[in-house]
Amino acid sequence: MFPVKMVDMVASNLKLRHRSRNMLRSLSGKCRSASDDELDSLLARCNRSVKLAILVAESQEAVDICEGHLHSAGGFLTKALAAVHRPSEKTVDGSTTSRRFVLCIDGGGTKCAAVVTDGSGGVYRGSAGPCNLTDHAGNIDGVVSIILEATKSALANQIMTGADRNEPLGEYLKTCFSSVWVGLAGMDRAGFQNLLRPKLAEVFGIIGTDSVRVTSDVDLLVAAVPLYHKECSALIVIAGTGSVAMRYNWASGQQEFVRVARSGGWGHILGDEGGGYAIGLKAIQYTLGVLEDSALGLVKDNADELAMAVSAKLGCELCAADGIDILNDLLARRGRQSVKSRIAGVAEVVLGVMNKCPIAADIVRAQIAKLVGDTLNRLVNPKSLGYQATENSVLVLAGGLLNNEGYRAVFQDQLDHHQLYFRETVVVDDAAASAAEYLSRLQ
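Residues numbered from 1 in each chain as written. Predicted model: local features only at pLDDT ≥ 70, side-chain atom pairs only at ≥ 80, totals over all residues. Heavy atoms only, no water.

## So, the sheet that holds strand β5 (residues 123–128)
Each strand in a sheet pairs with its neighbour through backbone hydrogen bonds, running either in the same direction (parallel) or in the opposite one (antiparallel). Pairing within the open sheet is mixed, and its 5 strands lie in the order β5-β4-β3-β6-β7. Each of the sheet's edge strands pairs with one partner strand only, and the pair in question is β5 and β7 (212–216). Averaged over all neighbouring strand pairs, the angle between strand axes comes to 15 degrees, with direction disregarded. Pairing of strand β3 (residues 101–107) with strand β6 (residues 177–184) involves 7 bridges; the strand directions are parallel. What sits directly across from F101, in β6, is F177. Contacts between helix α10 (residues 192–203) and the sheet are confined to β6 and β7, with β7 contributing the most and set at about 145 degrees to the helix. Contacting β3, β4 (112–117), β5, β6 and β7, helix α18 (residues 431–441) crosses the sheet at an angle of about 150 degrees to β3. (Pairing = 2+ DSSP bridges. Helix = DSSP H or I, 4+ residues; strand = E, 2+ residues; numbered from the N terminus. Axes fitted to C-alpha atoms, helices over the stretch in contact; angles between N-to-C directions. Contact = heavy atoms within 4.5 Å.)

## Side note on the side chain of D217
By the element assignment, D217 lies in the loop between β7 and β8 (233–239). In this structure D217 is buried but unpaired, with R259 as the nearest side chain of opposite charge at 7.1 Å. Within polar-contact distance, the side chain of D217 engages the side chain of S216 at 3.3 Å. With residues up to four places along the chain from it excluded, the contact list for D217 reads D106, G107, G183, L184 and A185. (Buried < 20%, exposed > 50% of the residue type's maximum accessible area, 1.4 Å probe, protein only. Lys, Arg positive; Asp, Glu negative; His and termini not counted. Salt bridge = Lys/Arg side-chain N within 4 Å of Asp/Glu carboxyl O. Polar contact = N/O pair within 3.5 Å; in protein donor to acceptor, adjacent residues only side chain to side chain.)

## A look at the packing of aromatic side chains
Summed over the entire model, instances satisfying the criterion amount to 3 aromatic pairs. Seen from their ring centres, F177 and F204 are 5.5 Å apart, and the 85 degrees between their planes marks the pair as edge-to-face. Linking F177 in strand β6 with F204 in the loop between α10 and β7, this pair joins segments that are 27 residues apart in sequence. Accessibility classification places F177 together with F204 in one group, the buried group. (Phe/Tyr/Trp six-rings, centres within 6.5 Å; stacked < 30°, edge-to-face > 60°.)

## Digging into the pairing of β7
Counting buried residues in β7 gives 4 out of 5 residues, a clear majority hidden from the surface. The pairing of β6 with β7 spans 5 bridges and is classified as parallel. Residue pairing across strands places W181 opposite R213, the latter belonging to β7.

Remember, this is a structural readout, not a statement about activity or role.
Here is the structure:
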């Protein structure tokens, strides 16, 4: 959003007039190349109000009309801009319309998923590589590039016509979206939001940042809580590449769920028990131990189902001499897939054999026991910040692992073991689609 103290400023002296010009140039594309005299004239017509000057410049309407729009919008510049000016875009049939699409990005350690919807049933998807800010610390431009790649994938494959594809895609992106919600793993790190939001507003051609949400990927999931449960607390558990649990309570003043507490989500190096990386790591360690036992002559039996499945997943033949080969192959980055992603990918085969391999089942159960018994249990402790009883809480489950029936069955067993019973349980298989639908309802 526009910083309130900035756009509400009145240019009443020389220093403030200079600052006002800089604000107009940075916040309004129409003012970017204007001279000092032109901006001073605009400010004079607008009673030295920066907010009103932005609205007049962007809408190209008379000052008194813009004053009326600001009054109707309760003084909120972004709402007033929405009322007076919507850049047009080409639709699939070549006609023009206002920005009718919303975009949601779900960026995690495995991939960056983009969902575009127009609110009338059309849902278009695209994806790009991993987009975890913890892994891209200090490389905000790289994160923006991945987000754009995922967005272009959705637009180019589903929405744009052949004629549209002949236009520069970067310019097309500036005409598509009325609102954007970007949820990224690692977003809770200090300073990332303030760095990323203005860059996204620029590349998507959105004036101001009110219509650009930048949050943690976990925050996307509150959109899945049924409206009839909005007065409840929402407990969200994610098990994907990593794991985390968070509590959101309804804030009536803001008319939305607000995060009040979190547990876990420390990253794959420090923990994230129950996540794909932790499960994959345990399975690889087990497989390497089997190979070493065999190489040392400590066992003569053939390797079990888990060791064979893990070796096959990593693209190695299973034999005693292959322990070093597995390590070398695993640590050598393959294309765009990181070592972290390859290790997390092993969780898939562990879940695939857990019904017939006790070792695999033990690994999964031990990891889920920590996720529920430690990570989630911290939030359901009556002493925990923002605590509400489980019978007044909606449990939202998300992530690739929690969408696996076998994993979810063990997870439910752990909930029963700890006697955790919730008002309702919601399983989200597509966080970006859920959040995009929520945004479209706000249009």
